[in-house]
Amino acid sequence: RIGGEGGEKLSKPTQRDEREFAKRSFELLFIRIQLTAFILSCIAMTAYGMGTINLFTHLMMEVVLLGLRCINEITSKRFAYDDLIHHTAMALGSALVSFYQPFNQYAYLLTHLQIIHIPFVSFYYRKLLLRLNNGTKDARLRKIRIADSIFRTAWFFSVGYRSSLLFSSAMVQFLSGRESLIGGLITSAFVPIIFYLDTYWSTFFIKKLNWPEHKSLVRKRLLEKNPSEVRFRGDTTKSCRTRKVSLWESMNILIGRKTLWCGVAVAGYVVL
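Residues numbered from 1 in each chain as written. Predicted model: local features only at pLDDT ≥ 70, side-chain atom pairs only at ≥ 80, totals over all residues. Heavy atoms only, no water.

A short note on the confidence of the model for the protein
Residues of the protein with pLDDT of at least 70 account for 67%, and the chain-wide mean is 76. Within the protein, the element-level pLDDT minimum falls on helix α8 (residues 214–225), averaging 48, and the maximum on helix α2 (residues 55–75), averaging 92. Throughout residues 1–5 the model reports pLDDT below 50, and contacts reaching past four residues in sequence, or to other chains, amount to 10 contacts. Contacts of residues 227–245 to residues separated by more than four positions or lying in other chains number 30 contacts, the stretch itself having pLDDT below 50. (pLDDT = per-residue confidence, 0-100. Helix = DSSP H or I, 4+ residues; strand = E, 2+ residues; numbered from the N terminus. Contact = heavy atoms within 4.5 Å.)

What follows is the structure, given as structure tokens:
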């Protein structure tokens, strides 16, 4: 732009500025598409729960939304190996319950596994708020905190429910007799896949993305307990021994031991 307040001259945007603007616009488009897809998924789950649509209609809607997210991730160059594992498992599961008749009765498992889309709505809404300048700063921070709290609560309940549901379903099928043996084997094959993905994503969200205060908070709490045993990667203190902080220990510190165990217990009770 030329001409600003007070008659001062403003320089024209450089090519670097234009590239940064295009990059931000493309990133916002990616977030909006992901957020829309997860919102539609939650609406479809609600419609299925209310009996408005049947089970297989809901699954077909989830497959379409999965394809939309997959295309969005590929075009945005955000398609990682964990996305490949997840999308492949979802496609195989949908094909099994749709075209393998003995496995039709387990189609509800795929529907229940989509519960993880609830925290993803708050996650991408939070990312959108961080990149927009709409409203006052205090209002945006309040919305970000609310979205962050919803994500933390819903995430651990969802991942606990998913793994517990698949594992308990596989055990029930194994104990139901010879006719359910194949179903139990197929279901049990998905248990480590879902457990690995949920553990990987939990580690990613806690340590790198959604909880930037993770390292400082965990360090502070652990040093209060025993300052001679804890050292994080990058510390140069030679007087303390290195001890790896586990994901479970970090979760206990961040959300509280009682809250964590209550979430696990509630998820297990719902499954049973």
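Let us keep going from here.
Examining a nonpolar patch on the surface
On the surface, a nonpolar cluster with roughly 590 Å² of combined accessible area is contributed by F167, M171, F174, L175, L181 and L185. Elements with a contribution of two residues or more to the nonpolar patch: α6 (137–175) and α7 (181–209). Mapped onto the elements, L181 comes out in helix α7. We classify L181 as partly exposed; its relative accessible area is 38%. (Patch = residues over 30% accessible without salt bridge, like charges linked within 9 Å, V, L, I, M, F, W, Y side chains within 5 Å. Areas by Shrake-Rupley, 256 points an atom, 1.4 Å probe, with all protein chains shown as cover. Salt bridge = Lys/Arg side-chain N within 4 Å of Asp/Glu carboxyl O. Buried < 20%, exposed > 50% of the residue type's maximum accessible area, 1.4 Å probe, protein only.)

Focus: the side chain of S163
Its location among the elements puts S163 in helix α6. For S163, the residues in contact, after removing those within four places along its chain, are I194, F195 and D198.

A look at the environment of S94
Position of S94 among the secondary structure elements: in helix α3 (residues 81–99). Expressed as a C-alpha distance, the spacing of S94 and L110, which sit 16 residues apart in the sequence, is 7.5 Å. Discounting chain neighbours no more than four positions away, the residues touching S94 are V63 and L110.

Concerning the packing of aromatic side chains
Across all of its chains, the model carries 14 aromatic pairs by this definition. Where F38 meets F120, the ring centres are 5.1 Å apart and the plane angle is 15 degrees; that geometry is what we call stacked. Placement of the pair is F38 in helix α1 (residues 15–49) and F120 in helix α5 (residues 117–131), with a sequence separation of 82 residues. Residue classification places F38 among the buried positions, given a relative accessible area of 5%. Between F120 and Y124, the ring centres sit 6.4 Å apart and the planes meet at 35 degrees, which makes this aromatic pair tilted. With a gap of four residues between them, F120 and Y124 both fall in helix α5, about one helical turn apart. Each member of the pair F120 and Y124 is classed as buried. (Phe/Tyr/Trp six-rings, centres within 6.5 Å; stacked < 30°, edge-to-face > 60°.)

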